[in-house]
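Examining the three-dimensional arrangement
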Amino acid sequence: MRKQLIEPGSRTGAPVDRQWLDLEHLAQVELTSEEPAFPIESALTPDDAPGWRAAQAGPQVIRLLFDTPQRIRCIRLAFQETECERTQEFALRWSADGGRSYRELVRQQYNFGPPANTREVEEYVVELDGMSALELDLIPDIGRGGAKASLEKLMLG
């Protein structure tokens, strides 16, 4: 049994220092569209790049196809909307067979309401061994359909 004495009132467990994958070098990206000023590469790096934005309104797909199967323990998604009020839905799926079949990890809706609610960050602890593909389906505005999809960050660890 390993044990450690801690101070009363201290947090339970130390903060996790994530080691994020270098997605630019480990995977090919397929996507339905992108604005030239907001390329997908800026959403896949841990720096302060502006993220990805679709070139046109409506549903979008971002798919990562890995060169070799990956072991994934954490998925972090960050979305930001500063311009319009909307309800976004996303679904995250993974594949262990090169994208021939997918299993859904999560499907979620979130309301953006600038200026107060402009950012949503989701982090999922997972046990995915042999992931060869990851697909993110975005419906940026399920109510009206006029908004462009965007993704601030997609990080895997």
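About the cut-offs
- Residues numbered from 1 in each chain as written.
- Predicted model: local features only at pLDDT ≥ 70, side-chain atom pairs only at ≥ 80, totals over all residues.
- Heavy atoms only, no water.
- Phe/Tyr/Trp six-rings, centres within 6.5 Å; stacked < 30°, edge-to-face > 60°.
- Helix = DSSP H or I, 4+ residues; strand = E, 2+ residues; numbered from the N terminus.
- Buried < 20%, exposed > 50% of the residue type's maximum accessible area, 1.4 Å probe, protein only.
- pLDDT = per-residue confidence, 0-100.
- Contact = heavy atoms within 4.5 Å.
- Salt bridge = Lys/Arg side-chain N within 4 Å of Asp/Glu carboxyl O.
- Polar contact = N/O pair within 3.5 Å; in protein donor to acceptor, adjacent residues only side chain to side chain.
- Pairing = 2+ DSSP bridges.

A closer look at the packing of aromatic side chains
Scanning the entire structure with this criterion turns up two aromatic pairs. Their ring planes at 35° and their centres at 5.2 Å tell us that Phe79 and Phe90 sit as a pair that is tilted. Linking Phe79 in strand β3 (residues 60-80) with Phe90 in strand β4 (residues 86-95), this pair joins segments that are eleven residues apart in sequence. Judged by its relative accessible area of 1%, Phe79 is buried.

Some details on the confidence of the model for the chain
The share of residues in the chain with pLDDT of 70 or more is 89%, and the mean pLDDT across the chain is 91. Contacts for the low-pLDDT stretch residues 10-15, under 50 throughout, to residues beyond four places or in other chains number zero contacts.

Observations regarding the pattern of salt bridges
Pairing between side chains becomes possible if they bear opposite charge and their charged atoms approach one another. Under the counting rule described, the total for this entry stands at 17 salt bridges. Close ionic contact of Glu135 with Arg63 constitutes a salt bridge, the shortest N to O distance being 2.8 Å. Placement of Glu135 in strand β6 (residues 119-139) and of Arg63 in strand β3 is noted, with a sequence separation of 72 residues between them. Among the residues examined, Arg63 registers a relative accessible area of 24% and is labelled partly exposed.

Some details on the side chain of Asp141
Within the fold, Asp141 resides in the loop between β6 and β7 (150-151). By relative accessible area, which is 7% here, Asp141 ends up buried. At 3.3 Å, the side chain of Asp141 and the backbone nitrogen of Arg144 are in polar contact. Every residue in contact with Asp141, bar those within four places of it in the chain, is listed here: Arg86, Thr87, Gly146 and Ala147.

Brief notes about the environment of Leu65
Along the polypeptide, Leu65 turns up in strand β3. Considering only alpha carbons, one finds Leu65 and Gly98, 33 residues apart in sequence, at a separation of 7.3 Å. Not counting the four nearest positions on each side in its chain, Leu65 is found in contact with Leu26, Ala27, Gln28, Glu30, Tyr102, Ser132 and Ala133.

So, the pairing of β6
The pairing of β3 with β6 spans 15 bridges and is antiparallel. Each bridged residue has a counterpart across the sheet, and for Ile75 the counterpart in β6 is Tyr124. Direction of pairing for β4 relative to β6: antiparallel, over a ladder of seven bridges. Residue pairing for β6: Ala91 is matched across the bridge by Asp137.

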